[in-house]
Amino acid sequence: MRIRISPRDGVPIYLQIVKQVKYLVASGLLAPGDQLPTVRRLASDLLVNPNTVARAYRRLESEGVLVTRRGSGVFVSNAGSPLAGIQKKKILSERIDVLLAEARQMGITLDELVRLLRKRDKNMKKK
Amino acid sequence: MRENVIEVRDLTRRFRTVTALDDVTIEAPRGVVFGLVGENGAGKTTLIKHLLGLLRAKTGSVRVFGLDPVQDPPGVLSRVGYLSEDRDLPDWMRVWELMRYTRAFYPDWDEGYAEELRKTFQLDPEAKIKELSRGQKAHAGLLVALAYRPDLLLLDEPSSGLDPVVRRDILEAIVRTVADEGRTVFFSSHLLDEVERVSDHVAMIHKGSLVLSQSLDAVKEGHRIFVLDFPEPPAEPPRLPGMLSRKGEGREWVLLCRGDPVERKRAAAALGARIVEETIPTLEEIFVARIRGSGF
């Protein structure tokens, strides 16, 4: 499981873990039923406090992304797929917000931005 | 309620005319990683020496596991794993001799674990301590501090002057120690991103005085960086309550403040500023602002 932590980022570490696990689920790199590393394991791998990992897992569980099966570990929930849809939108929305803010600062209108998006999309399809 | 492994109350320590510790009170509950940060000479080592019973509390009190480390050294030290910056190990010994020697002091010494650590750290049992590199000495010191699975791991600037590989092993030792139920880590460091990674609780010490001692979450929540945009350059540099540092000129100013963010935003609005950005500072930014930015 590829998770990278940056203490220099202003985002609290447990939220960095939450976001990245959601991203892995939404992008399909983690599938429903996949087992996650134990709290201890992930804490040692990431070199962060185990309580921080436990807190991230609890949050992901309360949001329905993960489930704990007693005695066997933590897994990506089966309800993962419908939730992933919402999650995908949420991840994209965050990126779009950044893009919109930058465009506004540069004085680029929404229409121009949409045109640019279409153009980039076309470029990408060519490749 | 969780018991405190470390309890320091109103501890003051003077060396001739210098006040090394000034009325310091801290508590470290069982099962946490407690990070102590401060500049060189701030009093971190003096505090740790009190915890080890190497210095007697003249004013105030020090309790470790509820015991006075000066009155009951075996009761305290048998449960503490200690590693210091200078890693004062007996130079003339070989690695295996150091292991055998240390084992004699600790009934809980786990030979299997010690051997596992020795292999992980790639220490040659026949190597003489004095011939080890800086990093290898740190590894040897860490090995003998960990191999009896102490209830309290006490590290004084453990990462100081070490390369990233050894620093990683030290952080991993910290994480593993608290991952074991009920064990506690107390460590001092000036590497704030390491402290931020692994700590539950952070204490900042400056010129012998405690600047703050809180959970890391509370520390982060209690500070904000605001980027302010004014319609026109203000006549005087802007000032907010709880401000610790300020940079900027003209219309745009960057302020680091402590205290309730909602109130700070209200105060900024009252100055006529628009808040362009609000971020939670890193521990390092908070530390620098707290230590240097007391001029407001």
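Cut-off values and rules
- Residues numbered from 1 in each chain as written.
- Chains lettered and ligands numbered in written order.
- Predicted model: local features only at pLDDT ≥ 70, side-chain atom pairs only at ≥ 80, totals over all residues.
- Helix = DSSP H or I, 4+ residues; strand = E, 2+ residues; numbered from the N terminus.
- Contact = placed C-beta atoms within 7 Å.
- Rg over C-alpha atoms; globule rule 2.2 N^0.38 Å.
- Domains from an automatic or database assignment.
- Nonpolar A, V, L, I, M, F, W, Y, C, P; charged D, E, K, R; others polar.
- pLDDT = per-residue confidence, 0-100.

Novice: What should I look at first to understand the overall build of chain B in this one?
Specialist: Looking only at helices and strands, chain B has 10 helices and 13 strands in total. For the C-alpha atoms alone, the extent of chain B along its principal axes is close to 70 × 40 × 40 Å. Counting contacts in chain B only where the partners sit at least 6 residues apart, residues at least 24 apart contribute 68% of the total.

Novice: How should I be thinking about the overall build of chain A in this particular structure?
Specialist: When you go through chain A residue by residue, the secondary structure sums to five helices and two strands. Moving toward the C terminus, one meets the helices and strands of chain A in the order α-α-α-β-β-α-α. At 18 Å, chain A has a C-alpha radius of gyration far larger than the 14 Å of a compact globule built from 127 residues. Taking the principal axes of the C-alpha coordinates as reference, chain A spans close to 55 × 30 × 30 Å. Contacts spanning at least 24 positions in sequence make up 56% of the contacts within chain A whose residues lie at least 6 apart.

Novice: Even after reading the chapter, I still don't get the domain arrangement of chain B, so can you show me in this structure?
Specialist: Put simply, an interface is often sized by how much accessible area is lost when its parts join up. All names here are of chain B. Here chain B is described as being made up of domain 1 (4–218) and domain 2 (222–292). Here the C-alpha centre of domain 2 lies 37 Å away from the C-alpha centre of domain 1. Residue-level contacts link 11 residues of domain 1 with seven residues of domain 2. For the side of domain 1 that touches domain 2, the secondary structure elements donating two or more residues are α7 (192–198) and β8 (201–206). By residue number, the principal contributor to the side of domain 1 that touches domain 2 is α7, which donates four residues. Of the residues belonging to the side of domain 1 that touches domain 2, the class tally is seven nonpolar, one polar and three charged.

Novice: Can you help me understand the interface of chain B and chain A in this one?
Specialist: Every contact between the two is made by 19 residues of chain B and, on the other side, 13 residues of chain A. When residues of the side of chain B that touches chain A are assigned to their parent elements, the largest contribution, seven residues, is made by helix α6 (residues 164–179) of chain B. For the side of chain B that touches chain A, the residue count by class is eight nonpolar, three polar and eight charged.

Novice: In this structure, what is going on with the confidence of the model for chain B? I would like to understand it.
Specialist: Low-confidence regions, as indicated by low pLDDT, have predicted coordinates that should not be scrutinised in detail. Chain-level statistics for chain B give a pLDDT mean of 92 and a share of 98% at 70 or above. Model confidence for the complex is summarised by a pTM of 0.84, with the ipTM given as 0.80.

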